[in-house]
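# Understanding the architecture of this molecule
Residue strings, one per chain:
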Amino acid sequence: MAQMSMIEAIRSAMDVMLGRDENVVVFGEDVGYFGGVFRCTAGLQEKYGPTRVFDSPINESGIVGAGIGMAAYGLRPCVEVQFADYIYPAYDQIVSEAARLRYRSAGQFTASMTIRSPCGGGIFGGQTHSQSPEALFTHVSGLKTIVPSTPYDAKGLLISAIEDDDPVVFLEPKRLYNGPFDGHPDRPAQSWAGHPQGDVPEDHYTVPIGKARLVRDGFDATIVTYGTMCFVAEAAVSETGIDAEIIDLRTLLPLDIDTIANSVRKTGRCMILHEATRTSGFGAELSAQIQEECFYNLEAPIVRVTGWDTPYPHAQEWQYFPGPERVGRELTNLMEAAS
Amino acid sequence: MPEYSPLTFRVPEPPVRPGGEPDFSKFDVPKAGTVRRPEVDSDPDDMKDLATSLIRVLNRNAEAVGPWAGDIDTDLLLHGLRSMMRTRSFDERMMTLQRQGKTSFYMKCTGEEAIAVGQQLALLPGDMNFPTYRQQGLLICQDYPIVDMICQILSNERDPLHGRQLPVLYSAREYGFFTISGNLGTQYIHAVGWAMASAIKGDTKIATGWIGDGSTAENDFHAALVNASVYQPPVVLNIVNNQWAISSYQGIAGGDLATFAERALGYGIPSLRVDGNDFIAVHQVSKWAIERARRNLGPTLIEWVTYRVAPHSTSDDPSKYRPREESAAWPLGDPILRLKNHLIQRGLWSEERHKQAEAEFDEEMRLTAKEAERYGVMGEGASDRDIFEDVYKDMPPHLSKQRQELGV
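It should be emphasised that the depicted structure is a prediction, and the values quoted were computed from it without experimental measurement.

### With respect to the pairing of strand β6 (residues 271–275) of chain B
All names here are of chain B. By the criterion of burial, β6 is predominantly enclosed, with 5 of the 5 residues buried. Of the two faces of β6, the one carrying S271, R273 and D275 and the one carrying L272 and V274 are both buried. Pairing geometry for β6 and strand β7 (residues 300–305), over 5 bridges, is parallel. Bridge pairing in β7 places D275 opposite V305.

Written out as structure tokens, the structure is:
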């Protein structure tokens with residue numbers, strides 16, 4: 001078993017798939033010769049040549065649109081949009097085209113493609129390098145949306161995504177690229193080295209799409225979360241001593257509602273935690289589904305801890321980011337809430 | 001005192017509006033046969049004049065003249081004429097169905113038949129078109145089953161697309177016809193991507209992209225051109241300039257200050273402006289561009305200059321925004337009439353055969369429509385289960401649940 005950072009795990013997934021399937025191609029801004037601004041594709045062009053791994057013009061609708069044309073031909077493109085904040089020019093291509101080809105052509109044409117994009121904050125990226133737009137994709141029928149939180153899951157899920165016959169939006173929490181992050185920016189950065197989820201097989205394996213992961217077993221409450229917030233939740237649990245169960249969704253759509261509902265039925269209290277803005281965020285959908293499934297088991301109102309409904313600020317990042325202190329406080333409130 | 005007078009704001013206006021006399025005096029129609037034909041492997045730098053001229057082959061006497069006339073197989077010309085006539089008969093029959101309330105919506109391509117038919121007949125099996133909604137000729141000239149087209153339009157139980165798509169948004173992979181999107185321009189970059197894939201795989205197939213004059217304003221038009229320029233894939237990028245985007249004349253898309261063809265020059269892509277109502281010019285220029293693509297010489301853009309005789313769709317009345325007589329005044333004439341006269345002039349066709357063929361095709365469309373109506377009209381027979389199929393390859397649990405909720 002190799003030790004990998006999330007960057008290395010993502011690179012390894014593409015490496016494995018480029019090697020196994022001649023129809024896989026990788027392209028995006030700066031991904032070719034240079035290997036990507038986050039190095040996720042480093043060395044792949046050298047290994048597989050510029051017709052399999054190449055640079056694209058700065059044109060996100062073109063990256064996704066060309067990928068759709070390639071998928072219609074029969075390739076399996078795995079494209080990179082350099083930051084999730086840059087994905088909006090491609091939104092029409094993702095929503096109206098990639099997500100709809102199979103349906104509108106009755107299966108004659110499909111968009112078997114993966115759209116990778118780094119998301120989330122915690123890197124002082126300001127409002128154009130920090131956003132978490134996952135709810136814009138979970139709202140779209142025909143798409144699958146994945147947010148991994150560990151190197152092991154990132155590789156296994158990315159391989160599943162590339163092999164999937166439907167379009168997948170694969171959002172990579174960039175704050176987790178080099179190590180887990182508990183939400184304490186003042187503490188030394190951690191590395192994936194030595195972390196059990198940093199043990200990653202070098203060969204092909206998959207993590208199934210649509211299955212959540214139990215991060216921590218607990219009885220007092222359920223924290224439903226994904227991405228960077230998995231580690232913030234762990235920190236909050238350890239700092240408050242509240243015995244909360246933590247569920248990492250991994251795949252937002254299709255949603256593993258059974259795992260969530262089973263946990264909430266057991267604990268009776270539920271916190272939904274994400275970095276993205278609150279109103280119409282994915283937490284709203286989670287909250288609705290959890291009350292539909294677990295209303296009579298709930299001992300307190302479901303609580304959402306999220307980014308504020310503002311653009312992502314630069315200097316005030318740590319007041320915006322739902323850190324362990326805010327999560328811990330809300331968790332304590334949740335436990336104190338009357339049944 | 002300020003140094004400058006107040007700024008003024010320009011909103012382009014067509015030369016004439018309803019109530020006025022049609023005016024094409026500013027539309028320059030060069031003589032047929034006067035535009036040169038470079039070799040396909042000439043330097044794109046030496047072809048720039050072709051983006052502002054107008055390639056025409058059929059002259060006023062219906063003769064094919066000049067360097068683009070070439071030699072076209074007689075059977076192909078006759079097939080081209082018949083296909084254009086069948087397309088027009090089909091359009092008329094579908095308009096009737098719409099007026100009878102058997103379908104919600106229809107779009108004719110009257111006056112533009114030569115473009116889709118002329119180009120399709122220059123393609124090979126396996127090539128892929130990425131069409132808009134006005135290229136029904138691509139299917140009709142390949143003898144795609146008319147009954148399937150009508151069943152799609154009627155959204156009935158035999159609709160190949162299971163009632164999911166607006167009428168005329170066909171999909172026919174086996175006929176090299178990509179699923180049409182109602183979102184304009186999105187398919188242009190798909191054509192480029194498909195052609196890139198063909199090149200990546202070392203294939204010999206090529207793609208064609210289709211877009212209208214109005215939709216060249218969309219971002220995806222420029223996405224397609226920049227990617228076509230960068231990667232030089234085997235693609236023919238067609239702009240059908242039919243002068244009108246619903247009620248907006250081509251000037252609203254920027255077509256009155258430069259030709260649409262000229263847009264490709266900034267990308268280093270060879271670009272030709274062609275009489276789209278001249279079947280022979282369409283076919284020969286298409287062959288030239290397709291040859292470039294197939295010989296790995298890269299993309300070509302072609303602006304087909306034509307006129308949308310029909311309304312945009314059954315949902316608009318063109319006399320509200322342009323003179324009713326404008327289509328009759330269009331200087332490039334009727335593509336069917338022009339090819340018909342050419343073939344008669346060569347002794348390959350006659351007025352009598354033309355009349356017979358018209359009657360034959362009208363009857364074919366009438367009978368085929370009747371056959372299609374047996375499978376239902378206006379959504380009859382479309383299965384509600386099909387709402388939930390094909391969203392994903394395998395239906396996820398939340399959709400199974402919603403399907404049960406609907407009780408199907």
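### A word on a nonpolar patch on the surface
Residues and elements named next belong to chain B. A contiguous nonpolar surface patch, about 360 Å² in accessible area, is contributed by F9, V11 and I252. Residue placement: I252 occurs in the loop between β5 (248–249) and β6. By relative accessible area, I252 is classed as partly exposed at 47%.

### Re the pattern of salt bridges
Residue and element names in this part refer to chain B. Per the stated rule, a full pass over the model turns up 45 salt bridges over all chains. A salt bridge links R36 to D49; the nearest nitrogen and oxygen atoms lie 2.9 Å apart. Of this pair, R36 sits in the segment before α1 (74–99) while D49 is found in the segment before α1, placing the two residues 13 residues apart along the sequence. Taking relative accessible area as the criterion, R36 reaches 36% and is therefore assigned partly exposed. A relative accessible area of 37% places D49 in the partly exposed class. In this structure, the salt-bridge partner of R403 is E389, at a minimum N-O distance of 3.5 Å.

### Things to note about the UniProt feature "domain: 2-oxoisovalerate dehydrogenase E1 alpha subunit N-terminal" (unreviewed entry) in chain B
In this numbering, the UniProt entry assigns the feature "domain: 2-oxoisovalerate dehydrogenase E1 alpha subunit N-terminal" (unreviewed entry) to residues 6–45 of chain B. End C-alpha atoms of residues 6–45 of chain B are separated by 41 Å, and the span's content is 0% helix alongside 0% strand.

### Side note on the packing of aromatic side chains
All chains considered together, the criterion is met by 28 aromatic pairs over all chains. Judged by centre distance (4.8 Å) and plane angle (80°), the ring pair of Y144 of chain B and Y175 of chain B falls under edge-to-face. On the criterion of sequence distance, the pair formed by Y144 of chain B in the loop between α3 (136–140) and α4 (146–154) and Y175 of chain B in the loop between α4 and α5 (186–200) is long-range, its members being 31 residues apart. Under the relative-accessibility criterion, Y144 of chain B is labelled buried at 9%. Its relative accessible area of 26% is what places Y175 of chain B among the partly exposed residues. Ring centres of Y170 of chain B and F177 of chain B lie 6.3 Å apart, and the angle between their planes is 65°; on these two criteria the pair is classed as edge-to-face. Take Y170 of chain B and F177 of chain B: they sit in the same class, and that class is buried. Every member of this aromatic cluster is reached through a ring pair, and the members are F38, F83, Y86 and Y177 of chain A. Seen from the ring of F181 of chain A, R175 of chain A lies directly overhead, with NZ or CZ sitting 3.6 Å from the centre. Directly above the ring of Y103 of chain A sits R164 of chain B, whose terminal nitrogen or CZ lies 4.4 Å from the centroid.

### Some points on the nonpolar core
With 79 residues, the main nonpolar core has I94, L249, I260, L286 and I290 of chain A together with Y188 and L301 of chain B as its most contacted residues. Residues from two domains meet in this core; each of domain 1 (2–200) and domain 2 (213–336) of chain A gives at least three. Look past the residues within four positions of L249 of chain A in its chain and what remains in contact with it is K211, A212, V224, T225, Y226, L255, I260, F282 and L286 of chain A. The next biggest cluster of nonpolar side chains, apart from the first, holds 77 residues, and it includes I206, F279, A293 and M365 of chain B.

### Some remarks on the packing of α1 of chain B against α4 of chain B
Residues and elements named next belong to chain B. At their nearest, the axes of α1 and α4 sit 12 Å apart, and the two run at 30° to each other. Looking at the two axes, α1 sits roughly parallel to α4. Along this stretch, α1 crosses α4, giving a crossing that reads as right-handed. Contacts from R86, F90, M94 and L97 in α1 reach I146, M149, I150, I153 and L154 in α4. Split by residue class, the contact of α1 with α4 holds 8 nonpolar, no polar and 1 charged.

### Things to note about the layout of surface pockets
Residue and element names in this part refer to chain A. Taken as a whole, the largest pocket encloses approximately 1,100 Å³ of empty space. Looking at the lining of the largest pocket residue by residue, the class counts come to 14 nonpolar, 10 polar and 14 charged. Looking at which domains feed residues into the lining of the largest pocket, each of domain 1 (2–200) and domain 2 (213–336) gives three or more. Volume-wise, the second largest pocket comes out at about 680 Å³. Considering only residue class, the lining of the second largest pocket consists of 14 nonpolar, 8 polar and 8 charged.

### Overview of the interface of chain B and chain A
Each partner contributes residues to the interface: chain B has 42 residues there, and chain A has 42 residues. Considering only the side of chain B, the residues that lose the most area to chain A are R173, I200 and Y392 of chain B, jointly responsible for 19% of the buried surface there. Seen at the junction of chain B and chain A, the total is 2 salt bridges. Here K401 of chain B and E293 of chain A are joined by a salt bridge, their closest N and O atoms 3.4 Å apart. In this structure, the connection of chain B to chain A is made through 25 residue pairs in polar contact (both at pLDDT 80 or more).

### Considerations on the environment of F361 of chain B
Residue and element names in this part refer to chain B. Within the element layout of this structure, F361 appears in helix α10 (residues 351–373). Taking the relative accessible area as the measure of exposure, F361 reaches 3% and is therefore buried. Spatially, the C-alpha atom of F361 lies 5.7 Å from that of R86, the residues being 275 residues apart in sequence. If we ignore the near neighbours within four places in the chain, the residues touching F361 are R82, M85, R86 and S89.

### A closer look at the UniProt feature "domain: Dehydrogenase E1 component" (unreviewed entry) in chain B
According to UniProt, the positions carrying the feature "domain: Dehydrogenase E1 component" (unreviewed entry) are residues 82–376 of chain B. The distance separating the terminal C-alpha atoms of residues 82–376 of chain B is 29 Å; by composition the span is 41% helix and 11% strand.

### Here's the deal with the sheet that holds strand β2 (residues 207–212) of chain B
All names here are of chain B. Reading across from one edge, β1-β2-β3-β7-β6 is the order of the 5 strands in this open sheet, with parallel pairing throughout. Bordering the open sheet on either side are β1 (128–130) and β6, each of which pairs with just one other strand. The mean angle between the axes of side-by-side strands here comes to 20°, regardless of whether they run parallel or antiparallel. The pairing of strand β3 (residues 235–241) with β7 spans 6 bridges and is classified as parallel. Across the sheet, N241 pairs through a bridge with V305, a residue of β7.

Parameters at a glance
Residues numbered from 1 in each chain as written. Chains lettered and ligands numbered in written order. Predicted model: local features only at pLDDT ≥ 70, side-chain atom pairs only at ≥ 80, totals over all residues. Heavy atoms only, no water. Buried < 20%, exposed > 50% of the residue type's maximum accessible area, 1.4 Å probe, protein only. Helix = DSSP H or I, 4+ residues; strand = E, 2+ residues; numbered from the N terminus. Pairing = 2+ DSSP bridges. Patch = residues over 30% accessible without salt bridge, like charges linked within 9 Å, V, L, I, M, F, W, Y side chains within 5 Å. Areas by Shrake-Rupley, 256 points an atom, 1.4 Å probe, with all protein chains shown as cover. Salt bridge = Lys/Arg side-chain N within 4 Å of Asp/Glu carboxyl O. UniProt positions renumbered as here; feature names shortened; annotations may be inferred. Phe/Tyr/Trp six-rings, centres within 6.5 Å; stacked < 30°, edge-to-face > 60°. Lys NZ or Arg CZ within 6 Å of the ring centre and 35° of its normal. Core = buried A, V, L, I, M, F, W, Y, C linked by side-chain atoms within 4.5 Å. Domains from an automatic or database assignment. Contact = heavy atoms within 4.5 Å. Axes fitted to C-alpha atoms, helices over the stretch in contact; angles between N-to-C directions. Parallel < 35°, antiparallel > 145°, perpendicular 65-115°, else oblique. Left-handed = near helix turned anticlockwise from the far one by under 90°. Nonpolar A, V, L, I, M, F, W, Y, C, P; charged D, E, K, R; others polar. 1 Å grid on protein atoms, 1.4 Å probe; cavity = no way out; pocket = protein on both sides within 12 Å on 5 of 7 lines; lining within 4 Å. Points joined across faces, edges and corners; volume = space filled by probe spheres on them. Buried area = accessible area lost by both parts, 1.4 Å probe. Polar contact = N/O pair within 3.5 Å; in protein donor to acceptor, adjacent residues only side chain to side chain.

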